[in-house]
Amino acid sequence: AKSRFKIYIIDEVHMLTSEAFNALLKTLEEPPPYIKFFFATTAPEKIPPTIISRCQRFNLKPLKKEEVKNRILEICKEEDIEIEEKAIDEIYDFCEGSLRDAISLLEQLSIFSDKRIKYEDVRYLLGLPEEKSIEEILKNIINKNYIKSLENLYKLISEGKDPVLILDGIIKKVKEIVVLRLDIEKIDVDSELKKSFDCLKMEEIFEGIEYIVEYKNKMRRE
């Protein structure tokens, strides 16, 4: 009540109906000097031009890996937390560049691991499948051992692993192979798995990733 401004934040503003946007438009045309509106959206193309034309637009993007990593290291130093570098990489990958989510996860991990965070702690807390299990699934798929790959998948699910996280693990592992083959970055990848991928063309690999991503998104919607 004592503040100079009243702030209204509307998240996922593109979900508003046409009627709601029309009602909002009048206020945006003649806004009271003490009111500030903040509209957040992941689909700006769905917002009517009449609304966009009356707003200042700021395109936000995920932070770079080094930015998130440096902030995590700063917090760990301030809070006297030990953390493995590989654990930081896993936190970044899971949070997809969101510093807020990364800090929240770091707080949970520091309690869970008594301020000594290991790579295995991150994967265990997040319920992520073991890398070896993901690699086995991929090897069996490439070698056309489909029954064996289904058995690997069923085993992970029976252990309580989230199918979406399993697919995320597969996508991540394939991306590592692509990065390695394109010589973008030096990544430590299982040599046997890398050799299995050598028989595939890049177009086939990209097509495979596309199918997996599409199915993963379908699972999330359902």
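Data block above holds the structure.
Read on for an overview of the structure.

## Observations regarding the pattern of salt bridges
Logical step 1: Under the counting rule described, the total for this entry stands at 18 salt bridges.
Logical step 2: Among the ionic pairs, Lys172 bridges to Asp93, the shortest N-O distance being 3.1 Å. One end of the pair, Lys172, is in helix H9 (residues 163-181); the other, Asp93, is in helix H4 (residues 85-95), with 79 residues separating them in the sequence.
Logical step 3: Look at Lys172 and you get partly exposed, because its relative accessible area is 26%.

## Remarks on the packing of aromatic side chains
Two descriptors summarise a pair of aromatic rings, namely the distance from one centre to the other and the angle between the planes of the rings.
Logical step 1: Enumeration over the complete set of coordinates arrives at three aromatic pairs.
Logical step 2: On the numbers, 5.8 Å between centres and 20 degrees between planes, the contact of Phe112 with Tyr124 is stacked. Residue Phe112 is located in helix H5 (residues 99-112), and its partner Tyr124 is located in helix H6 (residues 119-126); the two are separated by 12 residues in the primary sequence.
Logical step 3: Above the ring of Tyr119, the side-chain terminus of Lys86 is found at 4.4 Å from the ring centroid.

Quick notes on the rules
- Residues numbered from 1 in each chain as written.
- Predicted model: local features only at pLDDT ≥ 70, side-chain atom pairs only at ≥ 80, totals over all residues.
- Heavy atoms only, no water.
- Salt bridge = Lys/Arg side-chain N within 4 Å of Asp/Glu carboxyl O.
- Helix = DSSP H or I, 4+ residues; strand = E, 2+ residues; numbered from the N terminus.
- Buried < 20%, exposed > 50% of the residue type's maximum accessible area, 1.4 Å probe, protein only.
- Phe/Tyr/Trp six-rings, centres within 6.5 Å; stacked < 30°, edge-to-face > 60°.
- Lys NZ or Arg CZ within 6 Å of the ring centre and 35° of its normal.

Geometric values such as these leave the question of function open.
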